[in-house]
Amino acid sequence: MSKEKPPYILLRHRDIPDLDNLEVYRQNGGFKAFEKVVTQMEPAAVTEVVKASGLRGRGGAGFPTGLKWSFIDNKSWPHYVVANADESEPGTFKDREIMEGNPYQFLEGVAICAYAVQANVAYIYLRGEFWNLAASLDQHIAALEAAGLLGENLFGSKYSLRLYTHLGAGAYICGEETALLESLEGKLGQPRLRPPFPPSYGLYGKPTIVNNVETLANVPLIIERGAEWYRSMGTEKSPGVKIFSLSGCVNKPGNYELPLGTTFRELIFEHGGGIPGGRNIKAIMAAGASSSLIVADERALDTPMDYESVPSVGAQLGSASVIVIDDSVSIPWLIDKTTHFFRHESCGKCTPCREGTFWMSHLTERIANGRARREDVELLYDVASQIRGKCLCALGEFSIEAVLSGIERFRSDFDVAVGEVQTAAHVEQVPASD
Amino acid sequence: MMAKMVSLTIDGKPVEVPEGTLVVNAAKKVGVDIPVFCYHPKMEPVGMCRMCLVEIGRPVIDRASGQPLREEDGSLKIQFGPKLETACTTPVSEGMVVLGATEKVKAGREDILEFLLTSHPLDCPICDKGGECPLQNLTMGFGPGESRYLYDDKKHLAKHVPLGELIYLDRERCIQCGRCVRFQELIADDPVIAFSQRGRSLEIVSYSEPGFDSYWSGNTTDICPVGALTTADFRFRARPWELKAAASICNHCPVGCNLTLNVRREAVSGGKWVLKRVMPRQNEAVNEIWICDKGRLGYHFGAQNAERLEKPLVRKNGELQPATWQEALELVTERFQSVGRGLITLASGRLSNEDLFNLGKLTRSLGGKSILYSSMAGGDLTTQIGFAPGTNFADMGKESAILVVGSDLEEEAPLWWLRVRQAAKRGATLIVLNARQTKLDRDAHYSLRFPFGTAAAAVLALVNTLSPKRPELPESIQELARSSELKAAAKAFAEAKDAAILFGGDGMGLAETQALAQACANLLLITDHFGRPNNGLLGVWPRANDQGAWELGWQPSMNLPADLAQAQALYIVAADPVSDDPAYLNAFDGQKFVVVQDLYLSQTARLADVVFPAQAWTEREGSYTSGERRVQRYYPALQPNAALPPRVESPGSRRAQVLTGLRAELDGPQADFAIPAFLAEKLGYEGFVHASASLVFARLAAEAPSFGGLSYQKLAEVHEQWPIVGRSDLYYGGTTYENTQGLGVQLPLAQGGASLLSWPQVADFKLPKLGGIAFPITRLYDRGATLMHSQLLHKRIGEPYIILSKQEASRLKISQGGFVRITFTDAERSVVVQAKVDEGLPERVVLAPRSFGLPISGPTPVELKPAG
Ligand SMILES: Cc1cc2nc3c(=O)[nH]c(=O)nc-3n(C[C@H](O)[C@H](O)[C@H](O)COP(=O)(O)O)c2cc1C
Ligand code: SF4
Ligand code: SF4
Ligand code: SF4
Ligand code: FES
């Protein structure tokens, strides 16, 4: 059931060679949108267009982007824009491809956002391992300044803008927007208490918009082609396209730019080429390690990947890093990986996450290595439940998703792991959620 | 302006609190304890520990009408959120329903506690916090009976990590609440400790040199909710429940921090009572719940030790030899009587009101002269336009202006620095006017610099911009006087509803501070900032009770060496002029009769004919008058003499009889107020009391006008303070003691005279072309007799040094830490000291810390040479 591939919107470098060259980018309409907003549009009107497009944040939470911009506090100045390029969720590698292949579209998005909220300085916060990317972005920024597309009095207006890159020091938590801001300020990367939210109290206590790289990369084309055009793709509540980072037990892992609402089946079997070695798909993690485990039954495979549909199979779309798990994988082994990740990445600021992830990882380690008793599975479930709803930020809450869903939905794997093999492996029905 | 009030219910109890109040505090106000670890009522909430979980319901508001929806029975429709919420981060809102005792809440708190205990060693039996630890208390209340956590997996970490030589960290016990880090950053403004690493590896580290370099470090051991932080002074020395507590007042500086002295009777000390630690005692109008490390760790001079004077000494055959009280008193009586008007009594503000009252009265009766031993003048003004009753730094904010002039406030009076800074943070206009940079500049709205030696002129420059009767300004201040910043500062000061001035003696001696005080008084008078609460003049005095001395009529002498030299007899109490300045040696020519009354055999005492051993402030009762003119009582913690049974009995009791019997044959050190009274008794004077400090105070109140109507009962009065601290509850304010023994009383202002408005004489001050001028500065940690007995602080105190300008250092070819010979030309004395170089210092200016063995009581000409 193969379709004609429509032109790329975010991964345009796959269609257009050398798009990371400013000349090439400009020949393809680049920076027209930025020039248009600066010379012809009121800042608030820019926000209105983005609002009308229905664009939602691609960093995980899916928060409406235009609405966020409209929250900027105009009683407090200066304003800042921060692009979240921390991309640390296991299984997520989309922002990197945008920044490597199509950097100017992303930078133009940052610039348009900055104009919309009248920020004169914007930062790009990159995970520490992206040092080479930071270096190339610095060159692109220099090229933009040389071309007069960044700097003072842009396009003859009063508006000025400078962009700076900043490298993190290798902590997953610094992708969380308030921990990111702390880190950007030079402090220990720990989340802040919210409210206040960044649009009223952000970088250095000033109103700040934090957006994901992919979110911002959408913006130039929305301005250029209009909100209606953007809404013509995707679903009503999740308009537009999304880059799905596909990985795990799949023949063709990689980034796939598809309209929101594409089914898991299409992504995994059509684009991803199915499961290797003739094995069967067992589970799906839709949002990297922060995901609950979706039982990969027929219903799940036919579920559209958009913000409103994925919850019906007991999960969230998140950053859409789809990890495929086949029947060769033991779920206790898998959650041992995720709990170790969270134990390692917990910032330690709040008790339930700091202590709970540590305790969980001890238990999963024993379970995965066949050193556990049946009670340890119950205890693991208890500990995870104890964490739920008590954490200061979402990391702690994410850390229990795979654990709870794993035990609830793949109990038989745990029985095997603790030596209580049941003859007929049973898979519990996924509870429908509303 | 009153804040809007909000009504809510907490566990069914209705509460009305100001808008913005946090749920946890609203609960405390109606007696509902919500357990906290990371929240501290003196700091902004952070929501880290998640212990304070409660269920919160809010009225449902109809979107269309904006009105709250109601149930059928007319009550408000309340909606509860799906999650528990943290009471410490949630402000109250109208109609809120808080539930703190439901099964869900209990289970939530149990969960958090269980998590904490997976990491915690629970070594309460050997923990210094055991007995006053909220984690221990909570574990008893909510903790799981049994651990579900495998012991093998427990965290084992270093238990004796020095964060410096003063404070130790037990990493196993730390629950990562961040209180210590936040205190150091937000309150102490010394962010020298921080979290390192992340997750379960988070640990407190210090990255200063020396470690934990802050005058405030001890406070973190109070507010640490577990036994993770302890002072090197107290750790493993006693268990909290073995300690007895006596209310006291710090006597290191004029703030008058309220203290609790903890004592224990111990076998290792031969069954004696021993001073084990000094803790803060809450007084929200004085020190809130804090004390500086000098107050906390610098108490050893007041403890009993082998160097204390035990018996009177009388010079026989040229040697000081032990004598009985009878013998010593008789000798002194006889000699004092014979010199009469030739007597000079020199006493310092280290003494209590009662001591100074009796000493002054005795001296007057003999026709002699009383002199306050002090490097600062101006107290005649602070008694008249000082802080009026009702003044409290805590009430200074947006409508106030505070001028700090000629003072390195954190070094001179740490708690005032802390409170002035907080007033500035609340919005008070802070003007810092100094010859050099100080820590308070960080919080100043106006940071102004005057040339060294021109403090009074600088204040006159402020006056000059405001007053039609413009005082004339000397040349050296003109540049500052013309600056727009100074004009703006003067305007802000004049226009503030309330304004206060703190003046100190940084770089100044008596003459300079006299002029400065007068200039400050003029500024207050022309701007009408005196005579009502939160206005007036505050002297940052060198000693704890200098203000009390001034109130009782004591004054320093403008020419002390000459006065002393002319006297026929000297009675020197709690002062050691000879170690401060050898120039005083001339007064001790062997001709005159010298009596010294002190705790130790000081340099001056060594030259005396008779030495009286005095009781330390820990061993007796008394009262001090703080710089803010608050009279505060302190109570005895130790017995002055192991031979004496414990004190304070009703008259006629068996013990009182014993005491009366003992008086005939006095033994051991006596209170400073009692000794002059014994002398008076022998001289046959009426109206002296020596039996108890409270009786002396009653006399004092009858005779000294501003103390009229006061009594020890009045000074002991308390009222409830906020925040509530020091109780064994779960709303944990720290180990600060609750104040049950008295908040003290602020004195009314004395009636001022017209003389106030005369302009001070300010001659122009120019630095010399050759040589240099040494200006005295105050360091909190000095080499004075009251601190050197605290061994623990020696490293921080350091060796004698001076501070030089960059130019001077390069001229002398010495670098940071090199040695230099400094000659005080007037005193004809030279010493070799270490040199520190301060880039910001003007050429020809040398800074010399007081009480470091350098003869410096005011700006002094010096010559410098490289040494060794
Ligand atoms: C633990 C944690 C990690 C996160 N990591 C990232 C990240 O790497 N990149 C990102 O864009 N957003 C990340 N987020 C989401 C951000 O907090 C924030 O919601 C996002 O940057 C907002 O941008 P958007 O509205 O464009 O999605 C993370 C959130 C959490 C709780
Ligand atoms: S939930 Fe985890 S990552 Fe988030 S603040 Fe708490 S400890 Fe840090
Ligand atoms: S040392 Fe004490 S105050 Fe500091 S974080 Fe640890 S438990 Fe909290
Ligand atoms: S601030 Fe002054 S009174 Fe308070 S503890 Fe320190 S030295 Fe003592
Ligand atoms: S989270 Fe409220 S007291 Fe720690």
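Residues numbered from 1 in each chain as written. Chains lettered and ligands numbered in written order. Predicted model: local features only at pLDDT ≥ 70, side-chain atom pairs only at ≥ 80, totals over all residues.

**Q** Residue-level account of the overall build of chain A, with values.
**A** Summing up its helical and strand segments, chain A has 18 helices and 9 strands in all. For chain A, whose C-alpha radius of gyration is 22 Å, the value lies close to the compact-globule estimate of 22 Å for 434 residues. A principal-axis box enclosing the C-alpha atoms of chain A has dimensions of 75 × 50 × 40 Å. Sequence-distant contacts, at least 24 apart, represent 70% of the contacts inside chain A between residues at least 6 apart. (Helix = DSSP H or I, 4+ residues; strand = E, 2+ residues; numbered from the N terminus. Rg over C-alpha atoms; globule rule 2.2 N^0.38 Å. Contact = placed C-beta atoms within 7 Å.)

**Q** Which residues make up the overall build of chain B, and what are the values?
**A** Helix and strand content of chain B: 26 helices and 35 strands. Computed over the C-alpha atoms, the radius of gyration of chain B is 29 Å, within 12% of the 29 Å expected from 2.2 N^0.38 for a compact globule of 868 residues. In terms of overall dimensions, chain B has a C-alpha envelope of 95 × 70 × 60 Å along the principal axes. In chain B, which comprises 868 residues, the proportion classed as buried is 54%. Considering only intrachain contacts with a sequence separation of at least 6, the fraction spanning at least 24 residues in chain B is 71%. (Buried ≥ 20, exposed ≤ 12 C-beta atoms within 10 Å, placed from the backbone.)

**Q** Outline the domain arrangement of chain A, supporting the account with residue identities and numerical values.
**A** Residue and element names in this part refer to chain A. Assigned domains of chain A: these are domain 1 (12-231), domain 2 (241-326) and domain 3 (331-417). A straight line from the C-alpha centre of domain 2 to that of domain 3 covers 22 Å. The interface is formed by 8 residues belonging to domain 2 together with 11 residues belonging to domain 3. (Domains from an automatic or database assignment.)

**Q** An account of the domain arrangement of chain B is requested, with residue identities and associated values reported.
**A** Segmenting chain B into domains produces domain 1 (5-101), domain 2 (112-231), domain 3 (313-374 + 551-626 + 651-704), domain 4 (379-540) and domain 5 (772-866). The centre of domain 1 of chain B, based on its C-alpha atoms, is set 61 Å off from the matching centre of domain 3 of chain B.

**Q** Lay out the packing of helix α13 (residues 331-345) of chain A against helix α14 (residues 351-368) of chain A with the relevant residues and their values.
**A** Residue and element names in this part refer to chain A. Taken N-terminus to C-terminus, the directions of α13 and α14 make an angle of 155°; their axes are 8 Å apart at the nearest point. One element, α13, and the other, α14, form an angle in the roughly antiparallel class. Here α13 and α14 pass one another in a crossing that is left-handed. Residue-level inspection shows Pro-332, Trp-333, Ile-335, Asp-336, Thr-339, His-340, Phe-342 and Arg-343 of α13 in contact with α14, the latter providing Thr-357, Phe-358, Met-360, Ser-361, Thr-364, Glu-365, Ile-367 and Ala-368. Residues belonging to the contact of α13 with α14 are distributed by class as follows: 8 nonpolar, 5 polar and 3 charged. (Axes fitted to C-alpha atoms, helices over the stretch in contact; angles between N-to-C directions. Parallel < 35°, antiparallel > 145°, perpendicular 65-115°, else oblique. Left-handed = near helix turned anticlockwise from the far one by under 90°. Nonpolar A, V, L, I, M, F, W, Y, C, P; charged D, E, K, R; others polar.)

**Q** Any details on the nonpolar core? Residues and values, ideally.
**A** Judged by nonpolar contacts, the single largest core of 409 residues is most densely connected at Val-82 and Val-110 of chain A together with Val-459 and Cys-520 of chain B. Among the elements that line this core, the one with the most residues is helix α6 (residues 103-116) of chain A, at 10 residues. Residues in contact with Val-82 of chain A, not counting those within four places in the same chain, are Ala-122, Tyr-123, Tyr-125, Leu-180, Leu-181, Leu-184, Leu-203, Thr-208 and Val-210 of chain A. (Core = buried A, V, L, I, M, F, W, Y, C linked by C-beta atoms within 7 Å.)

**Q** I'd like a description of the sheet that holds strand β6 (residues 254-259) of chain A, backed by residues and values.
**A** Residues and elements named next belong to chain A. A sheet is described by the order of its strands in space; here 5 strands give the open sequence β6-β5-β9-β7-β8, paired in mixed fashion. At either margin of the open sheet sits one strand with a lone partner, and together these are β6 and β8 (293-295). Across the sheet, the axes of successive neighbouring strands diverge by a mean angle of 30°, strand direction being ignored. Relative to strand β9 (residues 321-326), strand β7 (residues 281-285) is paired through 4 bridges, and the arrangement is antiparallel. Across the sheet, the residue bridging to Ile-284 is Val-324, located in β9. Most of the contacts of helix α11 (residues 264-271) go to β6, to which it runs at about 135°, and overall it touches β5 (241-248), β6, β7 and β9. (Pairing = 2+ DSSP bridges.)

**Q** Any details on the confidence of the model for chain B? Residues and values, ideally.
**A** All names here are of chain B. On average, residues of chain B score 92 in pLDDT, and 95% of them are at 70 or above. Contacts for the low-pLDDT stretch residues 642-662, under 50 throughout, to residues beyond four places or in other chains number 12 contacts. ipTM for the predicted complex: 0.91, alongside a pTM of 0.94. (pLDDT = per-residue confidence, 0-100.)

**Q** How would you summarise the site of ligand 1 if you had to cite specific residues and measurements?
**A** Residue and element names in this part refer to chain A. If you check the shell around ligand 1, you find 22 residues, and the closest are Gly-57, Gly-59, Gly-175, Asn-212 and Thr-215. Of all the secondary-structure elements, those providing two or more residues to the shell around ligand 1 are β4 (208-212) and α16 (394-398). In terms of residue count, β4 provides more of the shell around ligand 1 than any other element does, 3 residues in total. Split into classes, the residues belonging to the shell around ligand 1 amount to 7 nonpolar, 9 polar and 6 charged. The residues that make up the shell around ligand 1 include at least three from each of domain 1 (12-231) and domain 3 (331-417). (Near = placed C-beta within 6 Å.)

**Q** Give me the site of ligand 2: which residues, what numbers.
**A** All names here are of chain A. Among the 15 residues in the neighbourhood of ligand 2, the closest are listed as Cys-347, Cys-350, Cys-353, Cys-393 and Gly-396. Breaking the shell around ligand 2 down by element, the ones donating at least two residues are α14 and α16. When its residues are assigned to classes, the shell around ligand 2 shows 9 nonpolar, 4 polar and 2 charged. Shared between two domains, the shell around ligand 2 takes at least three residues from each, and those domains are domain 1 (12-231) and domain 3 (331-417).

**Q** Go over the sheet that holds strand β25 (residues 593-598) of chain B, please, and point to the residues and values.
**A** Residue and element names in this part refer to chain B. One open sheet holds the 7 strands; their spatial order is β16-β15-β26-β25-β24-β17-β18, and the pairing between them is mixed. Edge strands, defined here as strands with exactly one partner in the open sheet, are β16 (319-322) and β18 (369-372). Across the sheet, the mean angle from the axis of one strand to that of its neighbour is 20°, orientation sign disregarded. As paired strands, strand β15 (residues 313-316) and β16 are joined by 4 bridges and run antiparallel to one another. Bridge pairing in β16 links Arg-315 to Leu-320. Where helix α7 (residues 325-339) meets the sheet, it contacts β15, β17 (343-347), β24 (569-573), β25 and β26 (610-613), and its direction lies at approximately 125° from that of β26.

**Q** Which residues make up the interface of chain A and chain B, and what values do they have?
**A** The interface is formed by 23 residues belonging to chain A together with 26 residues belonging to chain B. For the side of chain A that touches chain B, the secondary-structure elements that each account for two or more residues are α13, α14 and α15 (374-387) of chain A. Ranked by residues supplied to the side of chain A that touches chain B, first place goes to α14 of chain A with 8 residues. Along the lines of polarity and charge, the residues of the side of chain A that touches chain B split into 10 nonpolar, 8 polar and 5 charged.

**Q** Can you tell me about the pairing of strand β10 (residues 203-206) of chain B, naming the residues and giving the values?
**A** The side chains of a regular strand alternate between the sheet's two faces. Residues and elements named next belong to chain B. The side-chain alternation of β10 yields one buried face, formed by Ile-204 and Ser-206, and one unburied face, formed by Glu-203 and Val-205. When strand β9 (residues 193-196) meets β10, the two strands line up antiparallel, connected through 4 bridges. By the bridge assignment for β10, Ile-193 is matched with Ser-206. Connecting the antiparallel pair β9 and β10 is a turn made up of 6 residues, with Gln-197 showing a positive phi of about 70°.

**Q** Provide a residue-level description of unusual backbone geometry, including the pertinent values.
**A** Trans is the common state for peptide bonds, and a negative phi is the common state for residues other than glycine. The step from Trp-77 of chain A to Pro-78 of chain A runs through a cis peptide bond, and the omega angle for that step is -5°. With respect to the secondary-structure elements, Pro-78 of chain A resides in the loop between α4 (65-70) and β1 (80-85). In this structure, the amide linkage connecting Arg-194 of chain A to the following residue, Pro-195 of chain A, adopts the cis form with an omega of -5°. Looking at the element boundaries, Pro-195 of chain A is found in the loop between α8 (177-184) and β4. Even without being glycine, Asn-153 of chain A reaches a positive phi, approximately 40°. Here Asn-153 of chain A lies in the loop between α7 (131-146) and β3 (162-167). In this structure, Ala-574 of chain B takes a positive phi of about 55° despite not being glycine. Within the secondary structure, Ala-574 of chain B sits in the loop between β24 and α18 (577-580).

**Q** Before we move on, can you summarise α11 of chain A with the specific residues and values?
**A** All names here are of chain A. Residues of α11 that are buried include every one of Phe-264, Leu-267 and Ile-268, and no others. What you see down the axis of α11 is that its buried residues fit within an arc of 85°, all on one side. Where the residues of α11 are buried, they touch β5, β6, β7, α12 (298-301) and β9. Immediately beyond the C-terminal end of α11, within one or two residues, lies Gly-273, with a positive phi of roughly 75°. (Arc of directions from axis to C-beta.)

**Q** Which residues make up the packing of α13 of chain A against helix α17 (residues 401-409) of chain A, and what values go with them?
**A** All names here are of chain A. One can describe the packing of α13 onto α17 by two numbers: an axis separation of 9 Å at closest approach and a directional angle of 165°. For the element pair α13 / α17, the angle class is roughly antiparallel. Two packed elements cross with a definite hand, and for α13 against α17 that hand is left-handed. Contacts from Ile-331, Ile-335, Thr-338 and Thr-339 in α13 reach Ala-402, Val-403 and Gly-406 in α17.

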